[in-house]
Amino acid sequence: MPAYKRILLKLSGEALMGDDAYGINRATIVRMVKEIQEVTAMGTQVAVVIGGGNIFRGVAGGSVGMDRATADYMGMLATVMNSLALADTMRQEGMTARVMSAISIDQVVEPYVRPKALQYLEEGKVVVFAAGTGNPFFTTDTAAALRGAEIGAEIMLKATKVDGVYTADPKKDPSATRYTSITFDEALIKNLQVLDATAFALCRDQNLPLKVFSIFKPGALKRVVQGEDEGTLVHV
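Source: prediction; values computed, not measured.

S.K.: Please give an account of the overall build of the protein chain that cites residues and values.
M.R.: Of regular secondary structure, the protein chain possesses eight helices and nine strands. For 236 residues, the compact-globule formula gives about 18 Å, and the C-alpha radius of gyration of the protein chain, at 17 Å, lands near that figure. Among the 236 residues that make up the protein chain, the fraction classed as buried is 50%. Considering only residue pairs separated by 6 or more positions, the protein chain has 73% of its internal contacts joining residues 24 or more positions apart.

S.K.: Could you give me a rundown of the layout of surface pockets, with the residues and numbers involved?
M.R.: The computed volume of the largest pocket comes to approximately 630 Å³. Around the largest pocket sit 30 residues that line it, and Gly 52, Gly 53, Arg 57, Thr 139 and Thr 140 are the ones nearest its centre. Among the elements of the structure, helix H2 (53–56), helix H3 (68–92), helix H5 (140–150) and strand E6 (155–160) are those that each provide at least two residues to the lining of the largest pocket. Of the residues forming the lining of the largest pocket, the biggest block, six residues, is contributed by H3. Tallied by class, residues from the lining of the largest pocket come to nine nonpolar, 13 polar and eight charged.

S.K.: Account for the pairing of strand E9 (residues 232–235), with residues named and values stated.
M.R.: Of the two faces of E9, the one lined by Thr 232 and Val 234 is fully buried and the one lined by Leu 233 and His 235 carries no buried residue. In this structure, strand E7 (residues 181–183) lies alongside E9, joined through three bridges in parallel fashion. Within E9, the position partnered with Ser 181 by the bridge is Leu 233. Pairing of strand E8 (residues 210–214) with E9, which is carried by three bridges, proceeds in the antiparallel orientation. Bridging from a neighbouring strand, Lys 211 pairs with Leu 233 of E9.

S.K.: Outline H5, supporting the account with residue identities and numerical values.
M.R.: Where burial is concerned, most of H5 is hidden: eight out of the eleven residues are buried. When we look at burial in H5, the residues that qualify are Thr 140, Asp 141, Thr 142, Ala 143, Ala 144, Ala 145, Arg 147 and Gly 148. On its buried face, H5 is in contact with strand E1 (6–11), strand E2 (45–50), H3, strand E5 (126–130), E6 and helix H7 (197–205). Downstream of H5 by a residue or two, Gly 152 has a phi angle that is positive, lying close to 70°.

S.K.: So what's going on with the environment of Asp 72? Residues and values would help.
M.R.: The residue Asp 72 is located in helix H3 in this model. Given the relative accessible area of 18%, Asp 72 is considered buried. Sequence separation between Asp 72 and Pro 136 is 64 residues; the distance between their C-alpha atoms is 5.2 Å. With residues up to four places along the chain from it excluded, the contact list for Asp 72 reads Pro 136, Phe 137 and Phe 138. Separated by 2.6 Å, the side chain of Asp 72 and the backbone nitrogen of Phe 137 make a polar contact.

S.K.: Got a sec to walk through the side chain of Thr 44? Specific residues and values, please.
M.R.: You can see Thr 44 is positioned in the loop between helix H1 (26–41) and E2. A distance of 2.9 Å separates a polar side-chain atom of Thr 44 from the backbone oxygen of Tyr 4. Sequence-distant contacts of Thr 44, that is, excluding residues within four places in its chain, are made with Pro 2, Tyr 4, Lys 5, Arg 6, Ile 7, Val 39 and Val 225.

Scoring rules and cut-offs
- Every chain is numbered on its own, with residues counted from 1 as its sequence reads.
- It should be noted that, the model being predicted, local features are given only for residues of pLDDT at least 70 and side-chain atom pairs only at 80 or more, the latter also being counted only at that level, while totals for whole chains, interfaces and linings use all residues.
- Note that the side-chain values use all heavy atoms of the structure and ignore hydrogens as well as water.
- Under the DSSP-based scheme used, a helix requires at least four consecutive residues in state H or I and a strand at least two consecutive residues in state E, with every element numbered from the N terminus.
- In this treatment the radius of gyration is a C-alpha quantity, and the globule benchmark scales as 2.2 Å times the residue count to the 0.38 power.
- Three labels apply to residues, based on accessible area from a 1.4 Å probe with only protein chains included: buried if under 20% of the type maximum, exposed if over 50%, partly exposed otherwise in between.
- Note on definitions: a residue-residue contact is assigned when non-hydrogen atoms from the two residues lie within 4.5 Å.
- Lining residues are defined by having an atom within 4 Å of a point belonging to a cavity or pocket. Those points lie on a 1 Å grid over the protein atoms alone, cavities being sets where a 1.4 Å probe fits but cannot get out and pockets being open sets with protein on both sides within 12 Å along at least five of seven lines.
- Grid points are joined across faces, edges and corners, and a volume is the space filled by probe spheres set on the points.
- The residue classification treats Ala, Val, Leu, Ile, Met, Phe, Trp, Tyr, Cys and Pro as nonpolar and Asp, Glu, Lys and Arg as charged. All others, Gly included, are polar.
- Strands are labelled as partners when DSSP assigns at least two bridges between them.
- Definition of a polar contact: a pair of N or O atoms within 3.5 Å, with one able to donate and the other able to accept a hydrogen when the atoms are protein atoms, and with sequence-neighbouring residues admitted only if both atoms are side-chain atoms.

What follows is the structure, given as structure tokens:
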């Protein structure tokens, strides 16, 4: 029995690379989609926000000296590419996904319209939110917090390379321990870099709990949705 009826899953673009230097690793995206499929099979409604770092950071040498807003728009377009890849992989696995973009690209994806997104979720479709917030200077973490609040998600799941929030960097400090749960205020005081400041404030103000976990641990997403002790819960 799932602990959550509706979730917002934030995936980093880098997570799609697998062991590749950049781009989308086929085996990795298929494995992620299968993990999402397990969760939808339990009856949980899933919305996804995905970053673009695997594509844009792969060509980011060319963005040195570039206008920040222009670079951010390029990053948003990279998230559209990732969203299309994710939705197509879902289709191949027998799932129904809809990509909704914050930037208007009508020939490719439909625009983000909140009532339509809510309708798709109620119908059991996976909704992939592309192009971040549609504005430069905001990260995809902020887009995830924003969309999570808009659709009334019960929790935002941040899928990362580490299996939670630690007292220190576990790669540098072997004695670092994982927090099972921590409040937003504690995370702020201890200067734990859970999300960027804007996304963090949005989650805290909207009382949107956050779970940080590793997408690379097989079955972790399912365990999180079932309410098991996986990752770190950040709450008000």
